[in-house]
Amino acid sequence: MPTNPKRTITNKFVAICVFLFVAISGLAEAEDYTSPSFIIRASVVSEGGSYSSSTNFQLQNSLGETVIGINSGLNFQQLAGFLYWWWPSTATSETPSATVQVSGGGGTISVITTGANFSGRAYPLKKVTILKDGQIAATTIAGPDSNFSVSLTGLSAGNYNFSIYGEDNQDRHSSFFTFPLLITQGAVATVSGIFISPIVGVDKLEVKKGDDIAIFGQTAANANVTVQVNSDEPFFAKTKSDKDGVYLYNFDTSILENGQHLAKSKAGLNEEASSFGKTVSFDVGAKNVFAEVKKDFLKGDLNEDGRVNLIDFSIAAYWHKRSISDSFKLLESTRLSGDNKVDLIDFSIMAYFWTG
Amino acid sequence: MTKTSKLKIVFLLSIFYFLFFVASTKAAEIYLESPFSEFMAGDRFEVGFYINAEGEEINALSGKVVFPNNLLEFKEFRDGSGIVNFWIEKPNIQSDGGIVFSGIIPGGYNGEKGLIFSAIFQLKQEGEGTISFSGIKVLLNDGQGSETTATTSDFKFLILKKAEGAANRVFVFSIRDGKDDELPEDFKPEIGRSSEIFEGRYFLVFATQDKNSGIARYEIREIKRWIGLENLLPFVKYFRRYPWIIAESPYLLKDQKLKSYIYVKAVDKSGNERIAVVEPRYPTRWYEKSLVWVIILMTGIIAYLIWVKLKNK
C-alpha cells in the first residue's frame, strides 16, 4: 500500500506535538515532602520573589527545589526545599553576634543578625504596633496577661527612632512610647519594661457641677490606675483595672470649678509604671451633655482610611505652600489645624496622630 | 532702709528671678558640629546639624542654614542616621545661597543629640567663616503644633592656604569605616487614592532610610510579569518596554487598573540597592493571559489531529 505523504507529515507533526506536550507536562511533576510536623503533597516550588539581603549576603531570586538538603559555607547555610520551615529565633539579651534562622520559599539561610527585641505591657489581647522611623515594622497581640514581645531582625547598624503604641477595645490608639536606639553591627539590642500608657475617656462632654463624671479606659490587666483631673490644682484618684484591663472611676465634680478640665491616667503593676497617657477634656457647667458613642475620626487622616501615614503625609505635602482647594479646606478645618493653609503646624499635628 | 540695703534686695530678687524663671525655661537647642575645623582650600568637609530637645518632645522642625558663599560650595546633604523620618522639604540650596529644610518625626524626639542632617561643603579659598541658622521653628509633639523656643549656635571654621603640591582632602564622618556596603532599609510602598490629589487617581507612596550614606534616589517599574524572568529570558523585548524610571513619592501610577507588579528600587549614595515589590491588587485572570489561550489552542489542535488519525484508521 503506497504511503500517503500528507498523512506521514501529519503523523510526524502529531508525534512531535505529543512528545512536547508530555515533556513539558513532565517538568511539572511533583512529589510529597514531609517533616515531623507537616506533609506537603505534590508540591511545586517555582523560583520567585525578588531578593533577600543582609550585610554579608545577597540572594538574587529564591531558589527552586531542584536539589533539596543542606548546603553550608563559612557564613551561610542553605536548607533547600520544602523539608525546612521557618522557626522563631531564640532572642538573646545583649548578645553580640547572635544568630537567627531566616527562611524564604524553598530556601533557608542562617546569618549573623543585627536587630532589636522589645517587650513590655500593653492591653490584654489587643494589638501592639512598633514603628521604626515612622513606618510599621511589626505588629503583635498582647497576651491575656497584657505582656508582649517582638523581635526585629535584619536591621542595619545605625540610629533609629522607635515608637510603640497599643490599641484598646474601641480601636483607639494610646500615646506613643518613643525612644531613640543605636543599633550596633552584629548585636541584638533588648528594650524591656515598656509600659504602654492607659487610654482614657469620659462619659460626658459637659457635667453638671456636683454630678459624677465617669472616667474610664483600658490598660494592663489588674493594674493600679491613677486618674488625674487638672483644675487649679490637680486631683488624684486611684482605681484598679479588671482582668481585661478595663478601669472606671466615678469622679465627684463638686470639688471642681466651673469651666474646662482635663483628665488623664497612668498605670502601675509590680514595681513598673507607665507615664500619663493622652488627655481628655470635659466642661463643668449647669447641665449634663453626654458624649456620643461613635467612633471619632482620627486627626491627620486625610484619606479617611482610619490610619495616619505616608499617604496622608503625601496629600498634605501636595498642598504645602499652595492655596488650598475648597474641598480640601473642609478637610483641613476638621483634620488639621483649620487655618486654611498647610504649613509646619499641620504636619506636626499629623506626626502626633501618626499610626504608620 | 539704706540705699545699700535696697540694692541688696534688688540683687537678691534678680538672682531669684534668674534661678527660678530664666534658668528653668526650656528651649530646644540647634547646633552644628564637626570633628574637623581647620582645612585647606580645595578640601571637602562634612558638618552635622543637631538638635538637643532639652527634655521636651518635639516632632517637627524647619529652618535655613546660612553660610558664606564666597568660601563654601554646598555639594550634598546626608540624612542616613538622622532623626527626621519624612522631609516636607529636603535640604536644598536656594537662589540666595541658603539651605532650607523642614521635616517631621512621627512619635516625637526627646534626645540630646539628634542629627537633623549633615552637609558636605567644598572649600573655595582661604579665609575664616561661620555657618549659622536662621528662621528656625521647632514644634512640640502635643497634637496642636505648639511652637517651642529654640536657641542656635554657630560653627566657625578656618581655611588655610593650600600647600603647594598638596592633594585635596575629604573630611566626612557619615560613612562608617569609610565604606558602605549596606543596603537601604527594608520598606513597604503603599497604594493610595484621594480626591484631593492627582484627580482621584491611584498613586504610590514610599520611603526608606539608608543608615550609612543616605538614599540617593528611587526608581520604579510597573510591569505585568515577574521581572525575575528577565534574567532567564533577556532576549524578550517585552521587558525592555518597561525600564526603570527615576521617581519620587507620591508617584502617579501608570496602570490605574492595578494589574501590574510595581517594583520600587531604593538606591543609596554608595550605589547599594533594595527592591520592594507591590503585588497587583487585581491580578490578571487566567483567561486574560494570551499564553493560556495558546496552550489551549495547541491542545485542541493535537486532540483534533489525534481524532482525525484514529478516525482514518
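Let me begin by describing the structure that accompanies this report. Keep in mind that what you see is a predicted model, and the values were worked out from it rather than measured. (Residues numbered from 1 in each chain as written. Chains lettered and ligands numbered in written order. Predicted model: local features only at pLDDT ≥ 70, side-chain atom pairs only at ≥ 80, totals over all residues. Heavy atoms only, no water.)

**Thoughts on the overall build of chain A**
As a reminder, the rule being used: The helix count covers DSSP runs of H or I at least four residues long, the strand count covers runs of E at least two residues long, and both are numbered beginning at the N terminus. The cut-offs for exposure are 20% and 50% of the maximum accessible area for each residue type, with area from a 1.4 Å probe on protein chains only; residues under the lower value are buried, those over the upper are exposed, and the others partly exposed. Residue contacts follow a heavy-atom distance rule, with two residues in contact if any of their heavy atoms lie within 4.5 Å. Only the protein chains shown count as covering a residue, and every accessible area follows the Shrake-Rupley method with a 1.4 Å probe.
Within chain A, the secondary structure is distributed over four helices and 25 strands. The buried share of chain A, reckoned over its 356 residues, is 46%. Put simply, of all contacts in chain A between residues at least 6 apart along the chain, 59% involve residues at least 24 apart. Surface accessibility of chain A: about 18,100 Å² in total, with carbon and sulfur atoms responsible for 54%.

**Observations concerning the packing of aromatic side chains**
Within a pair of aromatic rings, the relevant descriptors are the distance that separates the centres and the angle that separates the planes. Here is the rule we go by: Note on ring pairs: Phe, Tyr and Trp rings are taken, using the six-membered ring of Trp, and paired if centres are within 6.5 Å. Classes follow the plane angle, with under 30 degrees stacked, over 60 edge-to-face and the rest tilted. Only when the NZ atom of a Lys or the CZ atom of an Arg is both within 6 Å of the ring centre and within 35 degrees of the ring normal do we say a charge sits over the ring.
This structure, assessed with the given rule, holds 38 aromatic pairs over all chains. Centre to centre, the rings of Tyr318(A) and Phe198(B) are 6.5 Å apart; their planes meet at 55 degrees, and the pair counts as tilted. A residue pair is termed interchain when its members come from two chains, as with Tyr318(A) in helix 2 (residues 310–319) and Phe198(B) in the loop between strand 14 (190–192) and strand 15 (203–205). With a relative accessible area of 22%, Phe198(B) lands in the partly exposed category. Seen in terms of ring centroids, Phe39(B) and Phe171(B) are 5.5 Å apart; in terms of plane orientation they differ by 70 degrees. Their pairing is edge-to-face. Separated by 132 residues along the polypeptide, Phe39(B) in strand 2 (residues 38–40) and Phe171(B) in strand 13 (residues 170–171) bring together distant segments of the chain. For Phe171(B), a relative accessible area of 17% puts it in the buried group. An aromatic cluster of three or more residues is present, and its members are Phe36(B), Phe39(B), Phe45(B), Phe67(B), Phe74(B), Phe121(B), Phe155(B), Phe157(B) and Phe171(B). A cation over a ring is seen here: Lys211(B) above Tyr160(A), with NZ or CZ 4.0 Å from the ring centre. Between Lys265(B) and the ring centre of Trp244(B), over which it is positioned, the NZ or CZ distance is 4.4 Å.

**Concerning unusual backbone geometry**
Omega for the bond connecting Ser249(B) with Pro250(B) falls within 30 degrees of zero, at 0 degrees, which places this linkage in the cis form. Residue position: Pro250(B) is located in the loop between strand 17 (245–247) and strand 18 (251–252). Phi is positive for Asn222(A), which is not a glycine, with a value near 55 degrees. The residue Asn222(A) is located in the loop between strand 18 (212–218) and strand 19 (224–230) in this model. Residue class for Asn222(A) comes out partly exposed when judged on its relative accessible area of 41%. Although it is not a glycine, Phe198(B) sits at a positive phi angle of roughly 55 degrees.

**Description of the interface of chain B and chain A**
Heads up, the condition is: By definition here, a salt bridge exists when the distance from a side-chain nitrogen of Lys or Arg to a carboxyl oxygen of Asp or Glu is within 4 Å. For the purposes of these results, a polar contact is taken to be a pair of N or O atoms within 3.5 Å, where, inside protein, one atom must be able to donate a hydrogen and its partner to accept one; residues adjacent in sequence count only when each atom of the pair is a side-chain atom.
Contacts between the two partners involve 62 residues from chain B and, on the opposite side, 58 residues from chain A. Here chain B and chain A share four salt bridges between them. Lys321(A) serves as the salt-bridge partner of Glu89(B), at 3.1 Å between the closest nitrogen and oxygen. Inspection of the region where chain B meets chain A yields 19 residue pairs in polar contact (both at pLDDT 80 or more).

**Points about the pairing of strand 1 (residues 28–33) of chain B**
Residues and elements named next belong to chain B. Quick note on the threshold: Pairs of strands are assigned from DSSP output, requiring at least two bridges between the strands.
In this sheet, strand 11 (residues 150–152) lies alongside strand 1 in parallel orientation, the contact comprising three bridges. Bridge assignment links Ile30 to a residue of strand 11, and that residue is Thr152. Across five bridges, the pairing between strand 1 and strand 3 (residues 44–52) is antiparallel. In the strand pairing of strand 3, Ile30 is matched with Ile51.

**Considerations on the sheet that holds strand 18 of chain A**
All names here are of chain A. As a reminder, the rule being used: Axes, fitted as lines to C-alpha atoms, cover a helix only where it is in contact. Angles between the N-to-C directions of the axes lie from 0 to 180 degrees.
On the basis of which strands lie adjacent, the open sheet formed by three strands has the order 16-18-21 and antiparallel pairing. Here the strands that pair on one side only, and so sit at the sheet edges, are strand 16 (199–202) and strand 21 (246–252). With direction set aside, neighbouring strand axes in the sheet form an average angle of 25 degrees. The pairing of strand 16 with strand 18 spans four bridges and is classified as antiparallel.

**Let's talk about the pattern of salt bridges**
Residues and elements named next belong to chain B. For the structure on display, the rule yields 23 salt bridges over all chains. Ionic pairing is found between Lys113 and Glu33, a salt bridge with its closest N-O pair at 2.6 Å. Here Lys113 is found in the loop between strand 7 (99–109) and strand 8 (114–123), whereas its partner Glu33 is found in strand 1, with 80 residues between them in sequence. Residue class for Lys113 comes out partly exposed when judged on its relative accessible area of 45%. Between Glu219 and Arg217 there is a salt bridge, with the nearest N and O atoms lying 2.7 Å from each other. In this structure Glu219 comes out as buried when scored by relative accessible area, which is 10%. Salt bridges sharing partners connect three or more residues here, namely Arg217, Glu219, Lys265 and Glu273.

**Concerning the sheet that holds strand 14 of chain B**
With antiparallel pairing, three strands are arranged side by side in an open sheet as 14-15-18 (chain B). Each edge of the open sheet carries a strand with a single partner, namely strand 14 and strand 18 of chain B. Bridge count between strand 15 of chain B and strand 18 of chain B: two bridges; the pairing is antiparallel. Counted as the bridge partner of Leu204(B) is Tyr251(B) from strand 18 of chain B. Across the sheet, helix 2 of chain A touches strand 14 and strand 15 of chain B, and the angle it forms with strand 15 of chain B is around 110 degrees.

**Some points on a nonpolar patch on the surface**
To be explicit about the condition: Note that patches include only residues with greater than 30% relative accessible area and no salt bridge, and the join distances are 9 Å for like charges and 5 Å for nonpolar side chains (Val, Leu, Ile, Met, Phe, Trp, Tyr).
A surface patch of nonpolar side chains, amounting to about 460 Å² of accessible area, comprises Trp286(B), Tyr287(B), Trp293(B) and Ile296(B). Residue placement: Ile296(B) occurs in helix 4 (residues 290–312).

**What about the side chain of Ser163(A)?**
Here Ser163(A) is to be found in strand 13 (residues 158–166). What makes Ser163(A) buried here is its relative accessible area of 1%. Within polar-contact distance, the side chain of Ser163(A) engages the side chain of Thr178(A) at 3.2 Å. Residues within four places of Ser163(A) in sequence aside, it is in contact with Thr129(A), Ile130(A), Leu131(A), Phe176(A), Phe177(A), Thr178(A), Pro106(B) and Gly107(B).

**What about helix 2 of chain A?**
Most of helix 2 of chain A sits out of view: eight of its 10 residues are buried. Inspection of helix 2 of chain A places Leu310(A), Ile311(A), Asp312(A), Phe313(A), Ser314(A), Ile315(A), Ala316(A) and Trp319(A) among the buried residues, and these make up the whole buried set. Against the buried residues of helix 2 of chain A lie helix 3 (326–335) and helix 4 (344–352) of chain A together with strand 6 (86–93), strand 7, strand 14 and strand 15 of chain B. At the C-terminal side of helix 2 of chain A, Lys321(A) shows a positive phi close to 60 degrees.

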